[in-house]
Amino acid sequence: MGSRVELTRALLAGRAAARAEQPMTDCPHPPRTLLRTAWLRGYGQEVSPAE
């Protein structure tokens with residue numbers, strides 16, 4: 001699990017990774033964790049922003 005601050009940081013790091021055109025597989029968090037979910041969500045938001 002992660003604190004709210006850690007989850008926010010992971011989400012923002014995912015967005016930054018997408019902007020830097022890093023592959024999604026570069027996620028630094030282990031599988032099946034909330035931090036990984038937040039990172040991937042941030043990545044996805046940056047790749048395909050809501051219209």
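Above this note sits the structure.
Residues numbered from 1 in each chain as written. Predicted model: local features only at pLDDT ≥ 70, side-chain atom pairs only at ≥ 80, totals over all residues. Heavy atoms only, no water.

Student: So what's going on with the overall build of the protein? Which residues, and what values?
Tutor: Each helix and strand in the protein was counted, giving 2 helices and 0 strands. A principal-axis box enclosing the C-alpha atoms of the protein has dimensions of 30 × 20 × 15 Å. Burial statistics for the protein: of 51 residues in total, 25% are counted as buried. Put simply, of all contacts in the protein between residues at least 6 apart along the chain, 62% involve residues at least 24 apart. (Helix = DSSP H or I, 4+ residues; strand = E, 2+ residues; numbered from the N terminus. Buried < 20%, exposed > 50% of the residue type's maximum accessible area, 1.4 Å probe, protein only. Contact = heavy atoms within 4.5 Å.)

Student: Please provide a residue-by-residue account of helix α1 (residues 4-19), values included.
Tutor: Compared with the 22 Å implied by 1.5 Å per residue over 16 residues, the 23 Å span of α1 between its first and last C-alpha is a close match. Considered for burial, the residues of α1 that qualify are A10, L11, G14, A17 and A18. Within α1, the buried residues cover an arc of 125° as seen down the axis, which keeps them to one side. In α1, those exposed residues whose orientation departs by more than 90 degrees from the buried face are R9 and R19. On its buried face, α1 is in contact with α2 (34-47). (Expected span 1.5 Å × (residues − 1). Arc of directions from axis to C-beta.)

Student: Pulling in residues and values, what's your account of unusual backbone geometry?
Tutor: Positive phi values are uncommon outside glycine, yet E21 reaches one of about 60°. Summarising the element assignment, E21 is placed in the loop between α1 and α2. We note that R32 has phi near 60°; this positive angle belongs to a residue other than glycine.

Student: Tell me about the pattern of salt bridges, and name the residues and values.
Tutor: In this structure the tally under the stated criterion is 1 salt bridge. Of the charged contacts in the structure, one is a salt bridge between R19 and E46, with a shortest N-O distance of 3.3 Å. With R19 in helix α1 and E46 in helix α2, the pair connects residues that are 27 residues apart, well separated along the chain. Overall, R19 belongs to the exposed group, its relative accessible area being 53%. On the basis of relative accessible area, E46 is assigned to the partly exposed category, the value being 29%. (Salt bridge = Lys/Arg side-chain N within 4 Å of Asp/Glu carboxyl O.)

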